[in-house]
Every structure is written in C-alpha cells, then in structure tokens.
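Here is what each chain is made of, one letter per residue.
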Amino acid sequence: TPPSHTSLAHLPRTPPPHTSLATPPSQHLQVTHSFRRDHLVGSLLSAFMGLSVGWWKSDHNTHHVVCNAVEHDPNIQHMPMLAITDKVFRRPRFWDTYHRKWVGMDDAAHWLVSHQHLFFYPLMALGRWNLYAQGLIYLLTQPDKTHFRKTELAGIAVYFGWVLGTALSMPSWAESVGWVMLSHAVAGILHVQIVLSHWSMHTYEGRAYNGADDEWYVTTMRTTMNVATPPWLDWVHIGLQFQIEHHLFPRLPRHNLRLARDMVREVVEAHFPAGSAECKRLFPLGVAYHEPGFFAGNLEMWRVLRSAAYAARGAKRGEHGFWQSALWEGMSLAG
C-alpha cells in the first residue's frame, strides 16, 4: 500500500501567513518611497496572498486617521458580531462613514455581542475569509479610486487557483477541507496580533483633534498600545508589536521601530510621568505609554470584550440601541 499522506506535507505549497506582512511596508511607501512603484509591488503580491492591496490601503489609511473612532474606524466596526465598547450600541443605530451604511442593533446582534468573549478566538480562525471578501467587494464595487485593479483581480485569481490546485491534489476530500481550514486558522494568530494593540484601548464617538487634550500625539497614545517582546522574537511579531511608533511614524521601516520605541518612550515619560495628575486626567489607564506582554495584552483585550458583552446582556429594552432596528435593514444598507 502507498504511504499515508498528511496535510502538513502540502503546507509549503502555499504562502505562509507572514506573506501578508509584505503588504504594510509597500503600502506605507517604505520600500521605494514612490507611490506608484510601492503600490504596484503590493498589488503584484496579491497573487501570493489573495488580498486586495487597494482595499487594505483604503481601510488602513482611514484607520490611521480616525483610530478607534466608533463611527469612522473600519477596524473596530464588526457589528453584528463584535462590539469592543458599549458605545457601539448606546444608540439605535449610527452611520458608518467608511462603509457608508447604517449600523443597527436587534435581537440577533444582542445575542451575538452578549457572547462575543466566548467565540472571539475561534472567530479569528475564520478572519482571513473576511479579508478575501472585503477585498473582492472593494475591487468589484470601487467605492473610491482604485489603483492596479485588473492586476489585483488577476493576482487573486492566480492565488485561488493555486490554493484550489493544492487542495485537489490531496488524496481525500476530508484532507483537502482540513488543510484549507487549518492553514487559514493559522493566519488567525496574525489577526489577533493586529487587533491586540487597539481593542483594549480608549474609544471615542464623533471626532478627535479638537484641542490640546486630544491632539494627534495624545490621541495616538490613548488609542494604541505596544506589546512587550524580547528582540529575539522580532521575527515572529515583525514590527506589529510597535503600533505606537507605527502610528506616529507610518513610513518608518519596521526594522527601525524598536529603536524608535526607546526614543518615543523617553519623550512620553518626560512629558506624562506615570501616576502624575496630568497623566491620569488624559489617559484612561493612568499611564501614557502602555506596553503589556503578549499574553497580558490578550487578557486585557478579552476582558474588554467580556465587559462589552455583559453590558449588552444587561441592556434593557428602550434603554439601549438593541431591538430598535432590524438586522436585515442594517445588512441591506437601508437608510
């Protein structure tokens, strides 16, 4: 009989999750410092990752400008599945300025948000599929100006042909499906790393940058945290653990972020010493430069999700946004 086959034998045939991390440097113009050349590099990489760089750039640039703004930041707008703060469901609905739709609350959203802390990590194992969908929707509907659209569509077709061919080369359907799901679940670790630096931090409604108390640097420190890691693990986190420095200096290459961290931390601690009255007034955590470890940061994020879930469970009819609009209305972009 022939030797048994395993899914692991086929893993090298498709790009690992870290392939996606080639996108941020090129789209922050960190490679050639030319918009056209760096965008083209990212678009060509769609053949290796199946993601639209045009969509990512539109989404991510918006996130940088309005980080953790309830109505504006697409990176925290995941209703009806997730709500990182009860500010999301205080009103019957709100206008999502990035996706240009009304976000409404009802019984289905109420149940999902009430249990979000229980299914969050399993959901992250499916996060890659959402990125595929968002990219294709962006390329097909073109909600704003797109660059190298045909290049990206062709690259995505190559990618899915590659994945499909690899899956069909396996000896059984069970192994094919198992390999596809497992390989995408591994990418869930990357999704956790990305959301970790914002979801447990301060969120706000409306707009920021109104005065000295919420100017650019203060807002960045309030909405963003780092993850403390030893230098020998930089190859694992690949700069994503230095989100404070990345948000302050988006075009700074990731190999310089650790050096920038030391400089930024020194400046922040000089202006906002931990425990000072000014620090406590401006920063909800009582510290301006927040940098827990990876597991401590995950615990903080999980507790924030649990807190919002409990707030949703305690929501009473007529006092919160739930039950006052239909889920279908929100999904069909009514309003």
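So, a few notes on the structure that sits alongside this text. (Residues numbered from 1 in each chain as written. Predicted model: local features only at pLDDT ≥ 70, side-chain atom pairs only at ≥ 80, totals over all residues. Heavy atoms only, no water.)

Right, let's talk about the overall build of the chain for a bit. For the chain, the count of helices and strands is 17 helices and two strands. A burial count over the chain gives 48% of its 335 residues as buried. Counting only contacts in the chain whose residues sit at least 6 apart along the sequence, the fraction spanning at least 24 positions is 70%. Total accessible area on the chain is roughly 16400 Å²; 66% of this is exposed by carbon and sulfur atoms. (Helix = DSSP H or I, 4+ residues; strand = E, 2+ residues; numbered from the N terminus. Buried < 20%, exposed > 50% of the residue type's maximum accessible area, 1.4 Å probe, protein only. Contact = heavy atoms within 4.5 Å. Areas by Shrake-Rupley, 256 points an atom, 1.4 Å probe, with all protein chains shown as cover.)

Another point: the nonpolar core. Counting residues in each nonpolar core, the largest one holds 16 residues, and the members touching the most others are Phe120, Trp199, Met301 and Leu305. Taken together, the elements giving at least two residues each to this core come down to helix H6 (116–124), helix H10 (188–196) and helix H16 (294–313). When near neighbours in sequence (up to four residues on either side) are disregarded, Met301 contacts Phe120, Tyr121, Val192, Val195, Leu196, Trp199 and Ser200. One finds Val70, Phe89, Phe94 and Ala315 within the second-largest nonpolar core, a separate group that totals 13 residues. (Core = buried A, V, L, I, M, F, W, Y, C linked by side-chain atoms within 4.5 Å.)

Together, Leu126, Trp129, Leu164, Leu168, Trp173, Val177 and Met181 make up an exposed nonpolar region whose accessible area comes to about 740 Å². Of all the secondary-structure elements, those providing two or more residues to the nonpolar patch are helix H8 (149–168) and helix H9 (173–186). By residue number, the principal contributor to the nonpolar patch is H9, which donates three residues. Looking at the secondary structure, you find Leu168 in helix H8. (Patch = residues over 30% accessible without salt bridge, like charges linked within 9 Å, V, L, I, M, F, W, Y side chains within 5 Å. Salt bridge = Lys/Arg side-chain N within 4 Å of Asp/Glu carboxyl O.)

Further remarks concern the environment of His237. Along the chain, the position of His237 falls in helix H12 (residues 234–237). Note on His237: relative accessible area 8%, which makes it buried. The residues touching His237, leaving out its near neighbours within four places in the chain, are Gln193, Thr229 and Phe294.

This part covers the packing of aromatic side chains. Across all of its chains, the model carries 11 aromatic pairs by this definition. Ring geometry for Tyr209 against Trp216: centres 5.8 Å apart, planes inclined by 40°, an arrangement best described as tilted. Note on Trp216: relative accessible area 30%, which makes it partly exposed. One aromatic cluster is present, built from ring pairs that chain together Trp129, Tyr132, Tyr159 and Phe160. In this structure, Arg93 packs its charged tip against the face of Trp102, placed 4.2 Å from the ring centre. (Phe/Tyr/Trp six-rings, centres within 6.5 Å; stacked < 30°, edge-to-face > 60°. Lys NZ or Arg CZ within 6 Å of the ring centre and 35° of its normal.)

Moving on: the pairing of strand S2 (residues 101–104). Two elements, strand S1 (residues 93–96) and S2, share four bridges in a ladder whose sense is antiparallel. Across the sheet, residue Asp96 finds its bridge partner in S2, namely Lys101. Where S1 folds back on S2, the antiparallel hairpin that results is connected by four residues, among which Arg100 adopts a positive phi of roughly 55°. (Pairing = 2+ DSSP bridges.)

Among the structural elements, Ser183 can be located in helix H9. A distance of 3.0 Å separates a polar side-chain atom of Ser183 from the backbone oxygen of Val180. (Polar contact = N/O pair within 3.5 Å; in protein donor to acceptor, adjacent residues only side chain to side chain.)

Taking 1.5 Å as the rise per residue, helix H14 (residues 257–271) with 15 residues should run 21 Å; its terminal C-alpha atoms sit 21 Å apart, in good agreement. Of the positions making up H14, those classed as buried are Leu257, Ala260, Arg261, Val264 and Val268. Taken end-on, H14 shows its buried residues confined to a sector of 105°, consistent with a single buried face. Those residues of H14 that are exposed and angled more than 90 degrees off the buried face are Leu259, Met263, Glu266 and Ala270. Contacts made by the buried residues of H14 are with helix H11 (216–223) and helix H13 (243–248). (Expected span 1.5 Å × (residues − 1). Arc of directions from axis to C-beta.)

Their axes nearest at 10 Å, the elements H10 and H16 cross at an angle of 75°. The pairing of H10 with H16 is recorded here as roughly perpendicular in orientation. Two secondary-structure elements touch here, H10 through Val192, Gln193, Val195 and Leu196 and H16 through Phe294, Gly297, Asn298 and Met301. Looking at the contact of H10 with H16, its residues break down into five nonpolar, three polar and no charged. (Axes fitted to C-alpha atoms, helices over the stretch in contact; angles between N-to-C directions. Parallel < 35°, antiparallel > 145°, perpendicular 65-115°, else oblique. Nonpolar A, V, L, I, M, F, W, Y, C, P; charged D, E, K, R; others polar.)

Our focus in this paragraph is H6. Residues of H6 that are buried: Gln116, His117, Phe119, Phe120 and Met124. Taken around the axis of H6, the buried residues stretch over an arc of 165°, which confines them to a single face. Relative to its buried face, H6 has exposed residues pointing more than 90 degrees away, namely Leu118 and Pro122. Buried residues in H6 make contact with helix H5 (107–114), helix H7 (127–141), H10 and H16.

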